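Summary of structural features
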Amino acid sequence: MTLEEKTGKGYISHSAMSTWLNCGWSFYLTRIQKVPENPSYWLVGGKSMHEATEIYDKNPDGFDPTAVFTQRWEENYRLANNGMPFRAGGRASKAYPNKEDAQWWLDNGPKMVDFWIQFRSDSGYQPYFLSGGEAAIETELNVEIGGVPMKGFLDRLMVSPAGELVVVDIKTSSKPPVTYTQLGTYAIMCEKVMGVRPVKGAYFMARTGELTDPVDLSHYTERRLATQVKGFKTAVDNNIFIPQPGFMCGTCSVNHACYAVNGSESHKYPELGDNDE
């Protein structure tokens, strides 16, 4: 069976490749076996933050950060709630003994949205407008890389005060990613879809309202990305799903199904044999 047949999707994504690179067995359990996952407050909060900023950027008149974030939170929480325990990030504190739970997000999510509003007002960064006249906000990108279909959703393509095209990705985590691979991948996809190449990329850190220093993305090339994409597809086509036990296992959404950490339901999902498809 091919990657497309195993996952049920006719494309791959940066997120899928990242999951496989971080832990092949997590990819197998979530993307192929479709193991029921423990939902997380941080995914609900991050989705709600993205949706609230999108609503603001498209229609800022009369926008209320608290009302909009809360409405999106309630809907996304309802969709995520599958009856399994929610995972909470961060550390316990006197104010939030249950770590970054629902109450933490309802208190802090609107502040993150307000930070975005301040950034839009004060930074000088403006949205890039596509050929059809719409702003590049949560733009779907569909391309072919190395003969493999690839899909991505670009948070923002913006024009800096210096006139440079910058890929901006909104993050609600406490720290920025250690690499800019996601931004470089989107820059390549932008060029193929829009005919323009973003020269730089940056992360907007929603907890602080700060934009990371924009970095040059010129060394991210389609040829290099194609090598990674084809390698990923070859690995999945050939059942290469290697677990990576480590400190992240404690917050993994499918640790209960993972044999590498002796998960309570891991017997339902045994290791793949040589003849397994």
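Scope of this entry: the structure provided in the associated data block. (Residues numbered from 1 in each chain as written. Predicted model: local features only at pLDDT ≥ 70, side-chain atom pairs only at ≥ 80, totals over all residues. Heavy atoms only, no water.)

Okay, the overall build of the protein chain next. Along its length, the protein chain carries eight helices and seven strands. Its C-alpha atoms give the protein chain a radius of gyration of 20 Å, within 12% of the compact-globule value 19 Å for 277 residues. In terms of overall dimensions, the protein chain has a C-alpha envelope of 55 × 50 × 30 Å along the principal axes. Counting the 277 residues in the protein chain, one finds 44% classified as buried. Summed over all atoms, the accessible surface of the protein chain reaches about 14200 Å², with 51% contributed by carbon and sulfur. If you average the places of the 27 positive and of the 33 negative side-chain charges in the protein chain, the two averages end up 3 Å apart. (Helix = DSSP H or I, 4+ residues; strand = E, 2+ residues; numbered from the N terminus. Rg over C-alpha atoms; globule rule 2.2 N^0.38 Å. Buried < 20%, exposed > 50% of the residue type's maximum accessible area, 1.4 Å probe, protein only. Areas by Shrake-Rupley, 256 points an atom, 1.4 Å probe, with all protein chains shown as cover. Lys, Arg positive; Asp, Glu negative; His and termini not counted. Charge placed at Lys NZ, Arg CZ, Asp CG, Glu CD.)

Applying the stated criterion across every chain yields a total of 16 salt bridges. Among the salt bridges present, the one from Arg207 reaches Glu100, with a minimum N-O distance of 2.9 Å. Taken together, the residues Arg207 in the loop between strand S5 (200-205) and strand S6 (210-211) and Glu100 in the loop between helix H5 (65-80) and helix H6 (102-122) connect sequence positions 107 residues apart. With a shortest N-O distance of 3.5 Å, Glu191 and Arg197 are connected by a salt bridge. On the basis of relative accessible area, Glu191 is assigned to the partly exposed category, the value being 39%. When its relative accessible area of 24% is taken as the criterion, Arg197 is described as partly exposed. Salt bridges here are not isolated pairs; linked through shared partners, they connect Asp57, Arg120, Glu138 and Arg156. (Salt bridge = Lys/Arg side-chain N within 4 Å of Asp/Glu carboxyl O.)

Moving on, we come to the packing of helix H2 (residues 14-22) against helix H8 (residues 222-237). The interhelical angle for the contact between H2 and H8, taken along N-to-C directions, is 65 degrees, at an axis separation of 11 Å. Note that H2 runs across H8; the crossing there is left-handed. For the pair formed by H2 and H8, the contact residues are Ala16, Met17 and Trp20 on the first element and Leu225, Gln228, Val229, Phe232, Ala235 and Val236 on the second. Here the residues of the contact of H2 with H8 sort into eight nonpolar, one polar and no charged. (Axes fitted to C-alpha atoms, helices over the stretch in contact; angles between N-to-C directions. Left-handed = near helix turned anticlockwise from the far one by under 90°. Contact = heavy atoms within 4.5 Å. Nonpolar A, V, L, I, M, F, W, Y, C, P; charged D, E, K, R; others polar.)

Between its first and last C-alpha atoms helix H4 (residues 41-58) spans 26 Å; for 18 residues at 1.5 Å apiece the expected length is 26 Å, and the two agree. Here the buried face of H4 lies against H5, H6, strand S2 (137-145), strand S3 (148-159), strand S4 (165-171) and S5. (Expected span 1.5 Å × (residues − 1).)

A word on helix H3 (residues 24-32). Most of H3 sits inside the fold, with eight of its nine residues counted as buried. Among all positions in H3, only Gly24, Trp25, Ser26, Phe27, Tyr28, Leu29, Thr30 and Ile32 are buried. Elements that come into contact with the buried residues of H3 comprise helix H1 (3-7), H2 and H8. Of the residues trailing H3, Lys34 is marked for its positive phi of about 55 degrees.

For Ala206, the location among the structural elements is in the loop between S5 and S6. Judged by relative accessible area, which is 0%, Ala206 ranks as buried. A sequence separation of 87 residues divides Ala206 from Phe119, and the C-alpha atoms of the two residues are 9.9 Å apart. Ignoring anything within four residues of it in the chain, the contact list for Ala206 reads Met49, Met112, Phe115, Lys171 and Thr172.

Let us look at the nonpolar core. Core analysis: the largest hydrophobic core is formed by 45 residues, its most contacted members being Leu29, Met150 and Phe232. Looking at this core, the elements with two or more residues in it are H2, H3, S2, S3, S4, helix H7 (181-194), S5 and H8. Membership of the second largest hydrophobic core comes to 25 residues, among which are Tyr56, Phe86, Trp116 and Ile117. (Core = buried A, V, L, I, M, F, W, Y, C linked by side-chain atoms within 4.5 Å.)

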